[in-house]
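Structure at a glance
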Amino acid sequence: MTEPTTTTPLSALEHIKADSHFLRGTIAAGLADPTTGSISEADTKLLKFHGSYQQDNRDVRDERRRQKLEPDYGFMVRIRLPGGVLTPAQWLGLDELAAAYASNGLRITTRQTFQFHGVRKENLRAMIRGINDTGLSTLAACGDDVRNVICSVNPRLSSAHAEVHAWALKIMNHVKPRTTAYRELWLEDGPVGDGATDDEPLLGKSYLPRKFKFGIAIPPYNDIDVFAQDFGLIAILENDSRLVGFNLAPGGSMGATAGDPKTYPSLADLIGFVTPDHLLETCWHAVAVQRDFGDRGNRKHARLKYTIDDRGLQWFHDELQSRLSFPIEAPRPYHFEHNGDRYGWTEGDDGRWHLTLQIPSGRIRDVDGHPRQTGMRAIARVHKGEIRMTCDQNLILADVAAEDRAAIDALVKQYGLDDYKHASGLRLHALSCVALPTCGLAMAESERYLPHILDKLEALLDKHGLRDEPIHFRISGCPNSCSRSYMGEIGLVGRAIGKYDLRIGADHIGERLNALYKENVGEEAILAALDELFGRFAAERESDEHFGDFVVRAGVVDPPKRRPTIRY
Ligand code: SF4
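A few points on the structure.

The rules behind each value
Residues numbered from 1 in each chain as written. Predicted model: local features only at pLDDT ≥ 70, side-chain atom pairs only at ≥ 80, totals over all residues. Heavy atoms only, no water. Pairing = 2+ DSSP bridges. Helix = DSSP H or I, 4+ residues; strand = E, 2+ residues; numbered from the N terminus. Contact = heavy atoms within 4.5 Å. Axes fitted to C-alpha atoms, helices over the stretch in contact; angles between N-to-C directions. Near = heavy atom within 4 Å. Nonpolar A, V, L, I, M, F, W, Y, C, P; charged D, E, K, R; others polar. Salt bridge = Lys/Arg side-chain N within 4 Å of Asp/Glu carboxyl O. Buried < 20%, exposed > 50% of the residue type's maximum accessible area, 1.4 Å probe, protein only. Expected span 1.5 Å × (residues − 1). Arc of directions from axis to C-beta. Phe/Tyr/Trp six-rings, centres within 6.5 Å; stacked < 30°, edge-to-face > 60°. Lys NZ or Arg CZ within 6 Å of the ring centre and 35° of its normal. Disulfide = S-S within 2.5 Å. Parallel < 35°, antiparallel > 145°, perpendicular 65-115°, else oblique. Left-handed = near helix turned anticlockwise from the far one by under 90°.

The 5 strands lie next to each other as E3-E16-E17-E12-E11, forming an open sheet whose pairing is antiparallel. On the outer flanks of this sheet lie strand E3 (85-86) and strand E11 (344-347), each paired with one strand and no other. Bridging between strand E16 (residues 386-389) and strand E17 (residues 395-400) involves 4 bridges; their strand directions are antiparallel. Following the sheet pairing, Glu 386 is matched in E17 by Ala 398. Sheet contacts for helix H13 (residues 405-414): E11, strand E12 (353-357) and E17; angle to E12, the most-contacted strand, approximately 10°.

Shown next, in the form of structure tokens:
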């Protein structure tokens with residue numbers, strides 16, 4: 001492999017990774033230290049590659065400081081779950097682990113997987129080992145590596161959907177880390193080695209400059225927001241059924257840094273098409289280009305989008321092409337119709353049924369009137385198909401026989417999992433990140449604020465006769481935008497406690513970012529601005545026009561420009 005080409009001084013984390021003996025560091029010693037609930041700063045960086053973040057409860061941080069206590073440490077643990085598919089037995093296994101070791105149940109993330117919060121250091125090993133006992137892993141769920149590969153969510157809708165899901169698994173297995181540190185640290189009882197025989201043929205001993213995300217969409221559904229990925233893949237189907245290949249779309253990512261105009265959200269752009277037999281080679285070398293050219297001096301500038309914008313989309317195409325044994329073809333035509341989930345029952349080509357349930361903020365726990373965790377446990381005990389996670393933090397009870405639908409419906413109703421039947425269009429399409437109290441980067445509330453702001457927005461929608469309008473609303477607690485808040489028709493991006501940037505104007509198919517409308521404003525200003533815009537939308541919209549399209553057509557905001565297209 002080519003060694004990193006960064007000429008500026010390497011960031012501190014590059015040294016930590018390179019000296020870590022393939023992600024071992026001193027994690028084992030840190031876990032064994034009973035005098036603290038934390039591990040060393042350097043090890044927290046390495047732990048991410050193993051699927052866990054050290055966090056602390058920010059609600060009690062000041063009080064504990066006053067009492068001269070160390071922060072209330074807990075660990076977030078995230079699963080790697082390509083395509084978001086679980087068996088009911090795996091669900092029950094994760095549910096047991098959540099009850100034993102985590103706080104607040106399970107949480108479905110915006111990358112089709114689960115994370116648990118509040119795991120104590122002394123339980124971390126049991127938690128990760130337990131996840132592996134269910135047949136799943138946490139390796140590369142976080143860190144500077146290839147993250148969970150996502151794909152359009154319902155593989156059983158057609159044979160092509162199943163094929164694409166299989167490709168998501170193959171990509172993940174092809175590019176995942178090879179270090180034996182994971183097995184030694186979490187799964188074995190013996191001593192942790194020194195990595196002398198380890199090799200990372202793709203990632204190298206310094207791994208990647210930052211995270212790298214693949215996602216596969218199957219038109220007409222862009223339910224994964226394919227253009228938000230570092231490397232998006234658009235499945236091309238012949239006659240709506242036969243998979244003939246994938247369009248390649250590199251350069252997307254949501255994250256930005258507050259107050260740093262050199263950082264920004266970006267959508268991916270098309271550079272070509274490859275047939276399925278060339279997909280793994282393409283993905284390997286796409287990662288390798290970023291490994292070799294990504295910025296290892298400045299982590300805020302280390303995502304693939306910056307490599308592309310510094311050197312050009314054409315440069316990326318040509319560099320990737322130079323490493324491949326076949327020609328990249330011109331992109332094939334495709335058409336997206338929407339980028340949200342479709343709720344309720346849908347029937348697949350094979351006559352099997354699939355039920356999409358709304359899970360507010362992806363949180364599976366028991367709350368008043370909605371014992372969702374107990375309900376899902378009851379469903380998993382009788383469900384014979386699979387359970388699938390969506391990128392909008394919802395879940396699908398997939399592969400249900402027609403004769404089993406009534407029993408599932410009864411349980412869904414009994415346990416208050418039927419919110420989707422009564423929710424407003426905005427609530428059905430609302431996403432939030434975790435933010436406070438656990439996320440160390442949060443500048444404002446997100447998940448905990450969502451129910452409150454939704455109630456107020458619904459009152460405005462009712463006032464203007466827009467209750468059923470499927471407006472995509474996304475809120476994040478900071479500009480990292482884990483909830484893809486830059487792709488909401490309405491997006492709130494946290495700037496400080498109680499203050500958000502109000503952004504509007506993304507489209508309904510995931511092909512346009514929103515734009516800043518009001519900067520760093522509180523709830524009163526947000527509601528006043530949206531009250532006026534909802535009123536104009538209700539009065540001036542064209543037939544079937546979505547809110548995001550309206551505010552752009554009406555000139556309320558100018559959407560950000562995409563990169564120039566390249567020659568093929
Ligand atoms: Fe934390 Fe920011 Fe991500 Fe929200 S968007 S989970 S606040 S990093």
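So that's the structure; there's more coming.
Now for the site of the ligand. Cys 433, Ala 435, Cys 439, Leu 441, Ala 442, Ser 476, Gly 477, Cys 478, Asn 480, Ser 481 and Cys 482 make up every residue found near the ligand. Grouping the amino acids of the shell around the ligand by side-chain chemistry returns 7 nonpolar, 4 polar and no charged.

Attention shifts here to the sheet that holds strand E7 (residues 214-217). Pairing in this open sheet of 5 strands is mixed, and the strands run E6-E7-E8-E9-E10 from one edge to the other. If you trace the sheet from one side to the other, it starts and ends with strand E6 (150-151) and strand E10 (272-274), each paired once. Taken together, the 2 bridges between E6 and E7 define a ladder with parallel strand orientation. Bridge pairing in E7 places Cys 151 opposite Ile 216.

Next up on the list: the pattern of salt bridges. For the structure on display, the rule yields 50 salt bridges. Here Arg 129 and Asp 189 are joined by a salt bridge, their closest N and O atoms 2.9 Å apart. With Arg 129 in helix H6 (residues 121-133) and Asp 189 in the loop between helix H8 (181-187) and E7, the pair connects residues that are 60 residues apart, well separated along the chain. Residue classification places Asp 189 among the exposed positions, given a relative accessible area of 68%. One network of salt bridges, with partners in common, ties together Glu 14, Lys 17, Asp 144, Arg 296 and Arg 299.

Let us now look at unusual backbone geometry. Following Pro 219, the chain continues to Pro 220 via a peptide bond in cis, the omega torsion being 10°. Looking at where Pro 220 falls in the secondary structure, it is placed in the loop between E7 and strand E8 (231-238). Residue Leu 436 is joined to Pro 437 through a cis peptide bond whose omega torsion reads 10°. Residue placement: Pro 437 occurs in the loop between strand E18 (430-432) and helix H15 (450-463). Despite not being glycine, Tyr 207 shows a phi value in the positive range, around 55°. A relative accessible area of 0% means that Tyr 207 is categorised as buried.

Right, let's talk about H15 for a bit. Taking 1.5 Å per residue as the helical rise, H15 with its 14 residues ought to reach 20 Å, and the 20 Å between its terminal C-alpha atoms agrees with that figure. Taken as a whole, H15 has its buried residues at Leu 450, Ile 453, Leu 454, Leu 457, Glu 458, Leu 460 and Leu 461. Buried residues of H15, seen end-on, are gathered within an arc of 160° and therefore sit on one face of the element. Gly 465 lies just past H15 and shows a positive phi near 70°.

The next subject is the packing of aromatic side chains. Using the criterion set out here, one finds 16 aromatic pairs in the structure. Both rings, one in Phe 293 and one in Trp 315, keep their centres 5.0 Å apart while their planes meet at 80°; by these two values the pair is edge-to-face. Here Trp 315 lies in helix H11 (residues 313-323) and Phe 293 lies in helix H9 (residues 279-293), a separation of 22 residues in the sequence. Ring centres 6.4 Å apart and planes at 55° place the aromatic pair Trp 315 and Phe 316 in the tilted group. Taken together, Phe 212, Phe 214, Phe 231, Phe 293, Trp 315 and Phe 316 form an aromatic cluster joined through their ring pairs. Above the face of the Trp 167 ring, Lys 170 is positioned so that its terminal group lies 3.9 Å from the ring centre.

A few words on the state of the cysteines. Counting across every chain of the model gives 0 disulfides. Cysteine Cys 391 is unpaired, with the sulfur of Cys 151 as its nearest cysteine sulfur at 8.4 Å. Judged by relative accessible area, which is 1%, Cys 391 ranks as buried.

Running from N to C, helix H12 (residues 372-382) and H13 cross one another at 165°; their axes reach a closest spacing of 9 Å. Compared by their axis directions, H12 and H13 come out roughly antiparallel. Crossing handedness for the pair H12 and H13: right-handed. For the pair formed by H12 and H13, the contact residues are Ala 378, Ile 379 and Val 382 on the first element and Ile 408, Leu 411 and Val 412 on the second. Classifying every residue of the contact of H12 with H13 gives 6 nonpolar, no polar and no charged.

Coordinates in, geometry out; function isn't part of it.
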